[in-house]
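Chain by chain, the residues run as shown.
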Amino acid sequence: EYVQINKDGSKMVYHDKKGGENEWRKHHESSIARDLWLYDVNSNTHQKLTSYYGENRNPVFADDQESLYYLSESSGSFNIHKLALNQPDQSQQLTQFDTHPVRFLSSSDGGMLSFSYDGELYTMKEGEKPSKLEITLRTQNISNKDQYVSINGGVREMSISPDGKEVAFISRGEVFVSSVDGNVTKRITSTPEQEQFVSFAPDGKSLIYAAERNGRWLILQSKKVREEEPFFYASTLIEEKPLLENEHDNYLPKLSPDGKKLAYVENRRTLKVMDLSSKDTVALLTPKELFYMRDGDQYFTWSPDSKWLLASYRPTMANGEVVLVAADGKREMINLTQSGYGDSSPKWVNGGKQMLWFSNRDGLKSMAASGSSQDDVFTMFFSQEEWDKFNLSKDDHALLEEIEKRSKKEEASKKDDNEKDKEDKKVEEVKIDWDGLRDRKSKLTIHSSNLGDAVLSKDGEKLYYLARFEKNMNLWSTNLRTQETKMELSLNAERGSLEWDKEMKNLFLLSGGKITKINPDGWKQEAVKINGDMTHDVEAERDYLFERVWLRTQAMFYTPDMHGVDWKAVKEEYIKYLPHIGNSYEFAEMLSEMIGELNVSHAGARYSRSIPEADATASLGIFIDYSHEGNGVLIAEILKGGPLDKANLDLTAGMVIEKIDGLEITADTDWARYLNRKADRFISLEVKAPKGTSKTVTVKPITLQAENLLLYKRWVKRNQDEVDSLSKGQLGYVHIPGMSDGPFRSVYEEMMGKYHDRKGVIVDTRFNGGGDLVADLAMFFTGERFLTYATEDREVGYEPTFRWTKPTLAMFNEANYSDGHCFACGYTDLNIGKTVGMPVPGTCSFAGWESLPDGTRWGAVPVSVKNKAGEWLENNETRPDIEVKNMPGMIDRGRDQQLERAVQELLKETEN
């Protein structure tokens, strides 16, 4: 991996995981073991320099060019060592640091070593003690730690007040309330910590939300202090009190419609209900039924009569179900859907007589089972009577409505006003006709789609839903009686959620951080104007965010031993950096270092922001001949499919680009600046042919991302050609860059099409970054022919028609990651075929990513994976049957030794 070349270019040192791994594992839990190797360019030989079965890295040549300084594990950390190239077994340890590793080792011509340790810079000469550098930074003094932030969007969640005049929402980790029809916004909370999961109480007199305070989630209630102030958005004094605070993490609060019970999630994996008067609690779902990936990932909703909850339940990560649980905990969980598909997000509708939910049962699905799929809205009726009404024809239903109207009118005329008021306020009990319950279901949408959300009209006759058919989501409706379906509003929303006001007259749409009020009667849209601001203490917020990351990592980590790391000690080592953090980039870097102490994949932190006018060098899609002297750029190769690969341009390798947009390219010109921000824009090139004639052409440069795709296609094509050549057309070659639907379709297309008559196919997964496709590939490669379709003259098919039934050989290397490792392990454990390449690091795990209020994104591993033997795959590498390294001195000359060996091995198998 790391490469260092001496001054005259005759020697190269690199560190490698080749050899020693099994011996290392006998004494260490970690799977990392790297040794230093010396490559002699002249003799094309490789020599192992280190013999310690651990981590040896960051080599630098000493002044004499005959010895090395490098970092190696010792004294519980990485220290500086030295060895002579002619006596590599006699190494010396030069530093004696502990706890933290020495990093970023380099050496000057005079033999001065420089490095970092525990966030400080040091220098030393061999034989002397390290000396910490005194560094003075002169900068503007910042005395005000408070920052002003304007709040006019960025809404993550919303709740409509019962009277429909206010909307509560979360933005920048704080609770706000805005008037629906006015232009007033009130900040409710003002803390360094974040608040989430806000909702109005059923009576509209308080707000319920969760907040992370003092290292733990608690549930809070805020009320207006002054009775003469009717609205939160116009209130002056707010009183906040804990509704539930104990030694546990408690969040996702939802008050029952009668206001007497509180449903919430305890410690991220237990659904509980608490009686607010007695404080008695009952657990409805426990860690036996629930698992956790990120905060707030459980879903449940109250019935109108406050006696039941509908919840999403996932028996496995591959499918979901809708379950019914009794709020008193006296009944076992009832699985309503029992489908094995992806069923989720149930909603009570029609006064609790039926529910809606989303399912991908009938929608189009990716060829990869783990890929995306389309959903439909389904309904299930708890009442047989309502089910019967639902199935009436249009005419029969109209007749029934008229009869019911007259009957209600006659009954109402016999009652006084008090009786009518009592009836209006009375909540009808949810009655469930258990017999045939699961059979009373129906699909409501007439076309599957990428769904955002769905609601039912007050009369139950219309479904409103967000659906994406083209680029983004729009608002659609379906008349459930006539099946008339149409797009009502073009919203162009990436995603969204819908919520009725209490009277079900207005729909509220949350999308793109904005809230819109929509009246289905005429489809008038009005933006809810958010006009607020906030100041926040940057340092206090950063202190909280650090604490949150540390606590949640501990709470979510897939093994309680934290990989043997003293997590409390890690906290103390890193918290000292907080006063010196100047921005979110530095903060994310520090979090990555801290989480990195766990030696786990899928972990770290990053911060980025878009810069509208940032530099962006475009590409002409060419290889350059750097041996060219003089002005201009000599074209060595034109990438197929690139900007210069056009028949009408008549450009070839060997031509020289002399000018770009009339600007001359001189020998001392950094000509890349002529292409800055020129992607997808026409430019002119003045090109000179080898014989001396020049011409001007107009081209449109591409982005560097587009260039990388062309380079990838070129690499795959070269590999396919080489396999064709070496195997004399007997074998095929496919490459799987990532574990998703697109690559799977390409593999299927080529293996069942281009290579259907080949004896075998090399499946190259080197540099595979992951995804979720391992099972699909394993099944595809393990087809066994059991039927043959034929006539007397020829075979015309076989079963299974959609699986590969001939030999394969898999390739993988050190750059396989995540599901790329899962595939390497699965292919090996299932003995599907031979494997060639290099060991794959143990990274077969799932990530649990989260965004913080400041924009930092971070995560660690809440769920990992075990192999057939029951061993964790995290930090447990998978080795190929045949280990081949593409060596320096070969790969740079165009030879792929791994591919050559793969062809040899698969040919042996297909000849038998």
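Residues numbered from 1 in each chain as written. Predicted model: local features only at pLDDT ≥ 70, side-chain atom pairs only at ≥ 80, totals over all residues. Heavy atoms only, no water.

Caption draft 1: The arrangement of the overall build of the protein chain in detail. The secondary structure content of the protein chain amounts to 12 helices and 58 strands. Along the first, second and third principal axes, the C-alpha set of the protein chain runs to 110 × 85 × 65 Å. The proportion of buried residues among the 912 residues of the protein chain is 49%. As presented, the protein chain carries roughly 45,800 Å² of accessible surface, and 47% of it is formed by carbon and sulfur atoms. Looking at the protein chain, you have 118 positive and 147 negative side-chain charges, and the mean spots of the two groups are 3 Å apart. (Helix = DSSP H or I, 4+ residues; strand = E, 2+ residues; numbered from the N terminus. Buried < 20%, exposed > 50% of the residue type's maximum accessible area, 1.4 Å probe, protein only. Areas by Shrake-Rupley, 256 points an atom, 1.4 Å probe, with all protein chains shown as cover. Lys, Arg positive; Asp, Glu negative; His and termini not counted. Charge placed at Lys NZ, Arg CZ, Asp CG, Glu CD.)

Caption draft 2: Expanded view of the environment of Tyr117. Here Tyr117 lies in strand β10 (residues 112–117). With near-sequence residues (within four places) excluded, Tyr117 lies in contact with Phe97, Asp98, Thr99, His100, Pro101, Val102 and Tyr122. Within the structure, Tyr117 has its side chain in polar contact with the backbone oxygen of Asp98 (distance 2.3 Å). (Contact = heavy atoms within 4.5 Å. Polar contact = N/O pair within 3.5 Å; in protein donor to acceptor, adjacent residues only side chain to side chain.)

Caption draft 3: Spatial organisation of the side chain of Asn875. Its location among the elements puts Asn875 in the loop between β57 (857–864) and β58 (882–883). From its side chain, Asn875 meets the backbone oxygen of Asn599 in a polar contact 2.6 Å long.

Caption draft 4: Representation of helix α10 (residues 774–781). Every buried residue of α10 is accounted for by Asp776, Leu777, Ala778, Phe780 and Phe781. In this structure, the buried side of α10 is in contact with α9 (741–754), β51 (760–764), β54 (808–812) and α11 (819–829).

Caption draft 5: Fine view of the sheet that holds strand β43 (residues 604–606). Pairing in this open sheet of three strands is antiparallel, and the strands run β43-β57-β56 from one edge to the other. Every other strand in the sheet has two partners, leaving β43 and β56 (845–851) as the edge strands with one partner each. Along the sheet, successive strands turn relative to each other by an average axial angle of 30°, direction set aside. Bridge count for β43 against β57 is three bridges, and the pairing is antiparallel. Across the sheet, Gly604 pairs through a bridge with Gly859, a residue of β57. (Pairing = 2+ DSSP bridges. Axes fitted to C-alpha atoms, helices over the stretch in contact; angles between N-to-C directions.)

Caption draft 6: Representation of the packing of aromatic side chains in the model. Scanning the entire structure with this criterion turns up 32 aromatic pairs. Here the aromatic rings of Tyr464 and Trp500 are separated by 6.0 Å at their centres, their planes lie at 70°, and the arrangement is edge-to-face. Residue Tyr464 is found in strand β35 (residues 462–468), and its partner Trp500 is found in strand β38 (residues 497–500); the two are separated by 36 residues along the sequence. Residues Tyr464 and Trp500 agree in their burial class; the two are buried. (Phe/Tyr/Trp six-rings, centres within 6.5 Å; stacked < 30°, edge-to-face > 60°.)

Caption draft 7: Local environment of the sheet that holds strand β3 (residues 35–40). Pairing in this open sheet of four strands is antiparallel, and the strands run β1-β2-β3-β4 from one edge to the other. Every other strand in the sheet has two partners, leaving β1 (3–5) and β4 (45–48) as the edge strands with one partner each. The mean angle between the axes of side-by-side strands here comes to 25°, regardless of whether they run parallel or antiparallel. Direction of pairing for strand β2 (residues 11–16) relative to β3: antiparallel, over a ladder of six bridges. When the sheet's bridge partners are listed, His15 is paired in β3 with Leu36.

Caption draft 8: Representation of the state of the cysteines in the model. With the rule as written, the count across this model stands at one disulfide. A disulfide bridge connects Cys822 with Cys844, and the sulfur atoms are separated by 1.9 Å. Between Cys822 and Cys844, the disulfide has an S-S torsion of 100° and is therefore right-handed. One end of the pair, Cys822, is in helix α11; the other, Cys844, is in the loop between β55 (835–837) and β56, and 22 residues separate them in sequence. Comparing Cys822 with Cys844, the two get one shared label, buried. Not part of a disulfide, Cys825 finds its nearest cysteine sulfur in Cys844, a span of 6.7 Å. Cys825 sits in the buried class, given a relative accessible area of 7%. (Disulfide = S-S within 2.5 Å.)

Caption draft 9: A negative patch on the surface, seen in detail. Taken together, the side chains of Asp8, Asp63, Asp64 and Glu66 present a region of like negative charge at the surface. Take Asp63: it is sitting in the loop between β5 (56–61) and β6 (67–74). (Patch = residues over 30% accessible without salt bridge, like charges linked within 9 Å, V, L, I, M, F, W, Y side chains within 5 Å. Salt bridge = Lys/Arg side-chain N within 4 Å of Asp/Glu carboxyl O.)

Caption draft 10: Layout of the pairing of strand β45 (residues 633–638). Strand direction decides the pairing type here: strand β44 (residues 622–624) and β45, joined by three bridges, are antiparallel. What sits directly across from Ile624, in β45, is Ile635. Pairing geometry for β45 and strand β46 (residues 656–660), over two bridges, is antiparallel. The residue of β46 that forms the bridge with Leu634 is Val656.

Caption draft 11: Inspection of a positive patch on the surface at higher detail. The grouping of Arg294, Arg314, Arg606 and Arg857 at the surface amounts to a positive patch. Assignment of secondary structure puts Arg294 in the loop between β25 (281–285) and β26 (300–302).

Caption draft 12: Quick look at the environment of Arg172. Topologically, Arg172 is positioned in the loop between β15 (166–171) and β16 (174–179). A sequence separation of 143 residues divides Arg172 from Pro315, and the C-alpha atoms of the two residues are 34 Å apart. Setting aside its immediate chain neighbours within four residues, Arg172 contacts Ile151, Met534, His536, Glu541, Pro853 and Asp854. Polar contacts involving the side chain of Arg172 include one to the side chain of Glu541, which spans 2.6 Å.

Caption draft 13: A look at helix α6 (residues 567–575). Along α6, the residues that are buried comprise Trp567, Val570, Lys571 and Tyr574. Angularly, the buried residues of α6 cover 105° about the axis, an arc narrow enough to put them on a single face. Pointing more than 90 degrees away from the buried face of α6 are the exposed residues Lys568 and Glu572. Looking at the buried side of α6, the elements it contacts are α5 (538–556) and α7 (584–596). (Arc of directions from axis to C-beta.)

Caption draft 14: Geometry of a nonpolar patch on the surface. A surface patch of nonpolar side chains, amounting to about 410 Å² of accessible area, comprises Leu121, Leu133, Ile135 and Leu137. Secondary-structure assignment places Leu137 in the loop between β12 (131–132) and β13 (146–151).

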